[in-house]
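Letter by letter, the chains look like this.
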Amino acid sequence: MIPQLNFHSAVTRFILAASALLVAVTTARAEEMFPFVMPGLEPNRGVANVSWLNDAPAGKGGFVRAKDGHFVDGRGKRIKFLATNFTFASAFPSHDDADKLATRLASLGINCIRFHHMDNQAAPRGIWKPGAPKKNEFDPDQLDRLDYFIAALKKRGIYADINLHVSRNYWEGEDFPDGLSDRERRDLLPHYGKGVDKINDQMIRMQRDYARALLTHVNPYTKAAYAAEPCVAIVEINNENSLLQLKVSSLPDYYRNDVLKKWNAWLKARYGSEEKLLAAWGGREELGASLMPAKCSTQGGEHFQVTTDGSGETRVVIKKLPAVEWHAQLHWTGLTLEEGKLYTVEFAARSDAPRKLPLSVRLQKADWHNCGLNEDADLTPQWKNFSFTFRAARVEPGEVRFDFVLGGGPAGEFRLKDLTLRPGGSLGLKAGESLDNGTVAAPRALMPTPCGLDWTRFLAETERAYTDGMRTFLKKELGVRANILDTQASYGDIAGTYRESFNDFVDMHAYWQHPRFPRRPWDSKDWLIPNTPMVAAKDTGNFARLAGYRVAGKAFTVSEYDHPAPSHYAAEMFPMIASFAAAQDWDGFFQFDWGGTNWADGKINGYFALQQHPAKLAFLPAAALMFRRGDVAPAKGAMRLSIPAGEVEKLTAENTSMTAAWKKAGVEPAELLTRRASVSFSTVGKLAATRQGRAASQLAWDADAALYTVDAPAAKAVVGRCTGKTTTLGGVEFAVKPNARNFAVLSLNAADGKPFAQSRRLLLVAAGNVENTGMDWNADHTTVSNKWGSAPTVCEGIAAKVTLATKLKSAKVFALDGSGARGGEVPATLADGRLSFEIGPQFKTLWYEIAAE
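Residues numbered from 1 in each chain as written. Predicted model: local features only at pLDDT ≥ 70, side-chain atom pairs only at ≥ 80, totals over all residues. Heavy atoms only, no water.

**Q** What should I look at first to understand the overall build of the protein chain in this one?
**A** Secondary structure summary: the protein chain contains 15 helices and 43 strands in total. Computed over C-alpha atoms, the radius of gyration of the protein chain comes to 28 Å, within 12% of the 29 Å expected from 2.2 N^0.38 for 853 residues, which places it in the range of a compact globule. Seen through its C-alpha atoms, the protein chain measures out along the principal axes to roughly 85 × 65 × 55 Å. Taking contacts inside the protein chain between residues at least 6 apart in sequence as the whole, the part at least 24 apart equals 75%. (Helix = DSSP H or I, 4+ residues; strand = E, 2+ residues; numbered from the N terminus. Rg over C-alpha atoms; globule rule 2.2 N^0.38 Å. Contact = heavy atoms within 4.5 Å.)

Listed below in structure tokens is the structure:
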């Protein structure tokens, strides 16, 4: 969805206000920030140690399996995973570190580790043997480290999720008869061969070879091959990979010809003759007069300059890339198109540097849905002519626009001329194409034309056949007992979800404000984040999108989730995702990621690093209690989106996202807070949503007030704009004092699981901004470039008065140190069944224990 935002005056007001606020923030930071470091290799202590949640050793009762839409252990008991990712070198710790890590992870409430990016590099950052001519032999020392780590995790009740293909470049493992150098393959093929590797026979065979070598390897410490190891709960075939995302036109000849050969064979099998194909695809309609308005409008015009000379040539100079790609656009608005009619957009363009220019036709009002055209123009320094034919879909008179999205980069200049949008065009065979000769070209993208629909069917059917083949190979030939999926459901969207509905479970990924790299991917100096809290999002942020992909009758996980550093608001992550996952009755969520091998250097080491981030770590035990123990109950109401299986490819070709499908069925995002969501694929009927039961949940989210709360008998949380007021939740009052950002996160959990009034031991966590010492922000706090600062981490102290109803006769409150051990006592009063105490930066901690004497 690419909404138009008229916010120029609002931005001006915001900048003036932010300038004044930064002065206050600097003062508040000097007064309220204090050093606070959490241990890197030592376990949590006291009330913060929840290792007792883990049933050790992992898999002692047998294999984890999917049953009735959830995971159960070998004894048939429900199991939920609270997990993190270990990537690159962190997947191969020394034996001593492995033991310490396993103990620490268990103490945090973690019971699964996803092993990710192991296949990317040679040792010490990957599994491959260094110095070998090709990456096709495991390094024995690395394999030993992995074996020992998995065995150490198993002892402490922690399961493994083994990823197969993540980021290996296939051509680094074998030679390919494509006539290209490795550098040309890196430049011309999709990253890590994704998409291509689901249709290229050699790459598919290499995937099987890798799986066989890894999963049949016997771990000497557990005495079992990974295929038959009960502590291996999950095997993922791919990461973020779908054939439906493949751009065939940009592939090198060898790979493009291979795909087109299979595409033409599929068409031949479907139609039998060129005559029947032409009858299905339609002929040509004469082009009419252009409907394109003479003038364009802009969105995010502060990022670029547009001028038009006397010849009608338009010059666009992009001065600064926006934080979000679609925040810089050119629009031609007010179009009236006829539903189902053919239209053709044509123009000529050139750019000072190679540039991918997204273009689309869409509604110019909410929900800004696509109306039939969604393409990319690949611009070069030479003038090129472009022509895109589409069939108008879901249009409204006078409410359609054509747009170019400019924010994807690079900065610089490009030129346009001869832009037209005319009725008519051809969706059939183009000049030189012949089914009999096997020369039918592929569309540039998925689109709702007869040819585009067939292309979508071809890709979806080919991908499902690939997935079925890999699953059968793993289960039947290798004897894998773990739960298997292909890749994340959103990769392929509705068709991707349908693909995953045949696997053991369904998985998704989401990040709140993932760093964006406007010029060079993963440039450590050149990146941006909007740096706003998800609790202030009007559309439930990540949550509605995630929940919409759960398939009825299938276990559901989110194997990558994070609110990346250095956001000022990262503390919101665990209380929100843990409580929402519990309310939706999901089966696991995995933070991404643990963060490198600097296990205990006392600072945040990157965007995703969990291991030294106090604002995230402090809430992990609370998250484990909310989600794994079930302190937050599933929402009582349920709703289901039914999608006809026969419509899957059509909806995908129309670029209808799962979120759009829910909205089309009349479901708004906010409803997901009160009902559990799932999707099913039916053999009959039409796209529709049904609701069951009364809508009720222990969660509440006031997006206008930017306030999210959890109110369960043994778990409370208040997240967001809660300062300067009192929030009352079922016997507990949080009176939070004002702070510079009007933002705080507090959670209160009964460690013994009893309702608060009876609980004899509770854990309170209170956090706001957390960062490294000397972190060097730019003026608008959207980047620190590569100036992340140094140890120790420093934290904002949240000042608040907490009052709770209790039946205790006497109680004490303790400030806890970084490990969770008791420090100084916090003054408290207990009278008339109400315990009251005040917390604040003077205690130099993020967490507190309330205990009966």
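**Q** So what exactly am I meant to see when it comes to the layout of surface pockets here?
**A** One simple way to see leftover space: roll a probe sized like a water molecule over the atoms. Considering only enclosed or pocket space, the second largest pocket measures out at about 540 Å³ in volume. Taken together, 29 residues line the second largest pocket, and the ones lying closest to its centre are Ser387, Thr389, Ser426, Lys430 and Pro443. The biggest single contributor to the lining of the second largest pocket is strand S18 (residues 384-391), with three residues. The residue inventory of the lining of the second largest pocket, partitioned by class, reads 13 nonpolar, nine polar and seven charged. (1 Å grid on protein atoms, 1.4 Å probe; cavity = no way out; pocket = protein on both sides within 12 Å on 5 of 7 lines; lining within 4 Å. Points joined across faces, edges and corners; volume = space filled by probe spheres on them. Nonpolar A, V, L, I, M, F, W, Y, C, P; charged D, E, K, R; others polar.)

**Q** What is the right way to read the sheet that holds strand S26 (residues 637-644) from this model?
**A** Strand-to-strand pairing in sheets goes through backbone hydrogen bonds, with the strands running parallel or antiparallel. Spatially, S27-S26-S28 is the arrangement adopted by the three strands of the open sheet, whose pairing is mixed. Strand pairing shows two members of the sheet lacking a second neighbour, strand S27 (675-682) and strand S28 (688-692), which therefore form its edges. Recorded for the sheet is a direction-independent mean angle of 20° between the axes of neighbouring strands. In the sheet, S26 pairs with S28 via five bridges, with the strands oriented antiparallel. From the neighbouring strand, Arg640 faces S28, where its bridge partner is Thr690. (Pairing = 2+ DSSP bridges. Axes fitted to C-alpha atoms, helices over the stretch in contact; angles between N-to-C directions.)

**Q** Just checking my understanding: could you explain the sheet that holds strand S15 (residues 342-351) for this structure?
**A** If you trace the five strands from one edge of the open sheet to the other, you get S12-S13-S20-S15-S18, paired in antiparallel fashion. In the strand order of this sheet, the two ends are held by strand S12 (304-308) and S18, each with one partner. Across the sheet, the mean angle separating the axes of adjacent strands is 25° when strand polarity is ignored. In terms of strand pairing, S15 meets strand S20 (residues 412-423) through eight bridges, oriented antiparallel. Looking at S20, one finds that Arg350 is bridged to Arg415.

**Q** Would you mind going over the environment of Asn739 with me for this structure?
**A** Looking at the secondary structure, you find Asn739 in the loop between strand S33 (732-736) and strand S34 (744-750). A residue is classified by how much of its surface remains accessible, and Asn739, at 14% relative accessible area, is buried. Sequence separation of Asn739 and Glu796 is 57 residues, and the distance between their C-alpha atoms is 9.4 Å. The contact partners of Asn739, leaving out residues within four places of it in the chain, are Glu32, Thr723, Glu796 and Ile798. A polar side-chain atom of Asn739 sits 2.8 Å from the main-chain carbonyl oxygen of Phe743. (Buried < 20%, exposed > 50% of the residue type's maximum accessible area, 1.4 Å probe, protein only. Polar contact = N/O pair within 3.5 Å; in protein donor to acceptor, adjacent residues only side chain to side chain.)

**Q** What should I look at first to understand the pattern of salt bridges in this one?
**A** Any two side chains of opposite charge can pair, on the condition that their charged atoms come close. Counted by the stated rule, this structure contains 61 salt bridges. With its nearest N and O atoms 2.3 Å apart, the salt bridge here joins Arg256 to Asp253. In this pair, Arg256 and Asp253 both sit in helix H6 (residues 253-271), three residues apart, roughly one turn of the helix. Where Lys538 meets Asp704, a salt bridge forms, and the shortest distance between an N and an O atom there is 3.4 Å. Here Lys538, found in the loop between strand S23 (505-511) and helix H10 (543-547), pairs with Asp704, found in the loop between strand S29 (699-702) and strand S30 (707-712); they are 166 residues apart in sequence, far enough to count as distant. Residue Lys538 shares its accessibility class with Asp704, and that shared class is exposed. Within the structure, one salt-bridge network assembled from shared partners comprises Glu174, Arg205, Asp209, Arg212 and Glu477. (Salt bridge = Lys/Arg side-chain N within 4 Å of Asp/Glu carboxyl O.)

**Q** Where do I start with the packing of aromatic side chains in this structure?
**A** Enumeration according to the criterion identifies 49 aromatic pairs in this entry. Measuring from ring centre to ring centre gives 5.2 Å for Trp527 and Tyr607, while their planes differ by 85°; the resulting arrangement is edge-to-face. Taken together, the residues Trp527 in the loop between S23 and H10 and Tyr607 in the loop between strand S25 (588-591) and helix H12 (614-617) connect sequence positions 80 residues apart. Lying over the aromatic face of Phe627, Lys80 brings its terminal NZ or CZ to 5.1 Å of the ring centre. It is Arg125 that lies over the ring of Phe88; its NZ or CZ is 4.7 Å from the centre. (Phe/Tyr/Trp six-rings, centres within 6.5 Å; stacked < 30°, edge-to-face > 60°. Lys NZ or Arg CZ within 6 Å of the ring centre and 35° of its normal.)

**Q** Can you walk me through the nonpolar core in this structure?
**A** Soluble, globular proteins show a tendency: their nonpolar side chains are buried together. By size, the foremost hydrophobic cluster in this structure holds 200 residues, and its most contacted members are Leu215, Trp263 and Leu474. Excluding its chain neighbours within four sequence positions, the residues that come into contact with Leu474 are Leu164, Ala211, Leu215, Val235, Ile237, Gly479, Val480 and Ile484. Within the second largest apolar cluster, 35 residues are counted, among which are Phe304, Trp332, Leu363 and Phe402. (Core = buried A, V, L, I, M, F, W, Y, C linked by side-chain atoms within 4.5 Å.)

**Q** Just checking my understanding: could you explain the packing of H6 against helix H8 (residues 450-477) for this structure?
**A** A pair of packed helices is characterised by two quantities: the angle between their axes and the separation of those axes. It is at 11 Å that the axes of H6 and H8 come closest, and there the two elements cross at 105°. The orientation of H6 relative to H8 falls into the category roughly perpendicular. Each of Val259, Lys262, Trp263, Trp266, Leu267, Arg270 and Tyr271 in H6 lies in contact with H8, whose residues at this interface are Cys451, Asp454, Trp455, Arg457, Phe458 and Glu461. In terms of residue class, the contact of H6 with H8 is built from eight nonpolar, no polar and five charged. (Parallel < 35°, antiparallel > 145°, perpendicular 65-115°, else oblique.)

**Q** Sorry, what's going on with the side chain of Asn241 here?
**A** Summarising the element assignment, Asn241 is placed in the loop between strand S9 (232-238) and H6. Sequence-distant contacts of Asn241, defined by excluding residues within four places in its chain, comprise Lys194, Gly195, Asp197, Lys198, Glu463, Thr487 and Tyr491.

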